[in-house]
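# Inside the fold
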Amino acid sequence: MERKIKVAQIGCGKMSKYTMRYVLEKGAEIVAAFDIDNNICGKDIGNIMETKNRNIIVDNLNNLEKNLREIKPDIAIITTMSLLNDLEEVIRICLRCKVNVITTCEEAFFASNSNPQLFYELDSLAKANNVTITGCGYQDIFWGGLINNLAASTHKIIKIKGSSSYNVEDYGIALAKAHGAGLSLDEFDKEVASADRMTNEERAEIINNREFLPSYMWNVAGWLIDKLGLHLTQISQKCVPQTHDSDIYSSTLDMTIKAGDAAGMSAIVTATTQEGITIEAECIGKVYREDEFDVNEWSIIGEPDTTMIINKPCTVELTCADIVNRIPDVINAPSGFISTSQMPELQYRVKNLNEYLNKK
């Protein structure tokens, strides 16, 4: 493509500060931006990025379809909610308008194992309009690609064990609430943990009814199984509240979380496969104390054993850089709801993004 890639930003909160700037610095252009917050709508995107004005004003999400049809962007970046059900209508609008979609929605990373009905509906709609939708971000590399590379240098694998922590303050109110931050332990048990106390048959029914609430590692386990060519036999998850022994203030929730209440949660997903490899993956998302920081640790257990530990990764910036570097892969991909497990290994973009597009 000779011209710049045209990008629409949907959701102008904390993540968009980086996604929009990275898009511009990688030689693409922001042609539209949308949000639902009246305090954000009407602002120039330069104000969001803390740079000079760009003469692109954040519009209300109610005007999304009208503006997409007029502006005709190549791709939309959606940085809002964590569950596919919550993004359904926005995604449908993008697909109907023949706009490719890339999103930080964690469930979209491998949605076929947690919301198959909506996954296949959106897959069909994307194919009908000859566009692609995918989900990616930090997990694309740090819970996916790096683990695949470690596995590729291992002779025999018995277990893949991972743990990753992150501060929910960095990602906005939707993610904080999804982690149960601010709930009492009784409320957490009823609203979050109770979803784990069910049989496989009951869980399958909830999944088929589009009512399942997957932890992030549920979809990561599906991605790893797909990427490694494994075959799932059973998968389960357990969500446990994370607490502090003193009160802690959350600026994202604009509340003080009392000592002993849930400041977030740990979600442990265990998946077994026909090949005898077990995946045990934990994500810990909570409001941090001042002395806490992000840690990403994964081990391949087998012959040989290998452990990778990354302390203090810049999780937000890495998420946004992954999204922007993936844009050419999404546009190049076949139409449909395509997991990045089915895309080429992600690469650093030295040239402008449009120079990585396949010539058609």
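Described in the following lines is the structure provided in the data block. Treat the numbers as computed from the prediction; the structure is a model and nothing was measured.

Reading guide: rules and limits
- Residues numbered from 1 in each chain as written.
- Predicted model: local features only at pLDDT ≥ 70, side-chain atom pairs only at ≥ 80, totals over all residues.
- Heavy atoms only, no water.
- Phe/Tyr/Trp six-rings, centres within 6.5 Å; stacked < 30°, edge-to-face > 60°.
- Helix = DSSP H or I, 4+ residues; strand = E, 2+ residues; numbered from the N terminus.
- Buried < 20%, exposed > 50% of the residue type's maximum accessible area, 1.4 Å probe, protein only.
- Lys NZ or Arg CZ within 6 Å of the ring centre and 35° of its normal.
- Axes fitted to C-alpha atoms, helices over the stretch in contact; angles between N-to-C directions.
- Parallel < 35°, antiparallel > 145°, perpendicular 65-115°, else oblique.
- Left-handed = near helix turned anticlockwise from the far one by under 90°.
- Contact = heavy atoms within 4.5 Å.
- Nonpolar A, V, L, I, M, F, W, Y, C, P; charged D, E, K, R; others polar.
- Polar contact = N/O pair within 3.5 Å; in protein donor to acceptor, adjacent residues only side chain to side chain.
- Salt bridge = Lys/Arg side-chain N within 4 Å of Asp/Glu carboxyl O.

Tallied over the entire structure, the rule returns nine aromatic pairs. Relative to Tyr216, the ring of Tyr166 has its centre 6.2 Å away and its plane inclined at 25°; by these criteria the two rings are stacked. With Tyr166 in strand β7 (residues 156–167) and Tyr216 in helix α10 (residues 216–228), this pair connects stretches of sequence that are 50 residues apart. On the basis of relative accessibility, which here comes to 5%, the residue Tyr166 falls in the buried class. The exposure class of Tyr216 is buried, given its relative accessible area of 8%. Members of the aromatic cluster, joined through ring pairs, are Tyr138, Phe142, Trp143, Tyr166 and Tyr216. Seen from the ring of Tyr356, Arg349 lies directly overhead, with NZ or CZ sitting 4.7 Å from the centre. When the ring centre of Tyr356 is taken as reference, the NZ or CZ atom of Lys351 above it lies at 5.4 Å.

In this section: the packing of helix α1 (residues 16–25) against helix α11 (residues 315–332). The geometry of α1 relative to α11 is characterised by a closest axis approach of 9 Å and an angle of 40° between their N-to-C directions. The angle between α1 and α11 places the two elements in the oblique class. Crossing of α1 over α11 shows right-handed handedness. Residues Tyr18, Thr19, Tyr22 and Val23 of α1 form the contact with α11, whose own contacting residues are Val316, Glu317, Cys320, Ala321, Val324 and Ile327. Of the residues assigned to the contact of α1 with α11, the class counts are eight nonpolar, one polar and one charged.

Okay, the side chain of Ser165 next. Note that Ser165 resides in strand β7. Owing to a relative accessible area of 13%, Ser165 belongs among the buried residues under this scheme. Among the polar contacts listed, one links the side chain of Ser165 to the side chain of Tyr288, at a separation of 3.4 Å. In this structure, Ser165 is in contact with Ile284, Tyr288, Phe293, Asp294 and Val295, ignoring residues within four places of it in sequence.

We now examine the pattern of salt bridges. A side chain of one charge can pair with a side chain of the opposite charge if their charged atoms are brought near each other. Summed over all chains, the structure comprises 21 salt bridges. With a shortest N-O distance of 3.4 Å, Glu50 and Lys17 are connected by a salt bridge. Pair noted here: Glu50 is in the loop between α2 (45–49) and β3 (58–60) and Lys17 is in helix α1, with a separation of 33 residues, a long-range link. Here Arg69 ties to Glu65 by a salt bridge, and the two come within 2.9 Å at their closest N and O atoms. With Arg69 and Glu65 both in helix α3 (residues 64–71) and four residues apart, this pair spans about one turn of that helix.

Taken by themselves, the reported measurements are silent on function.
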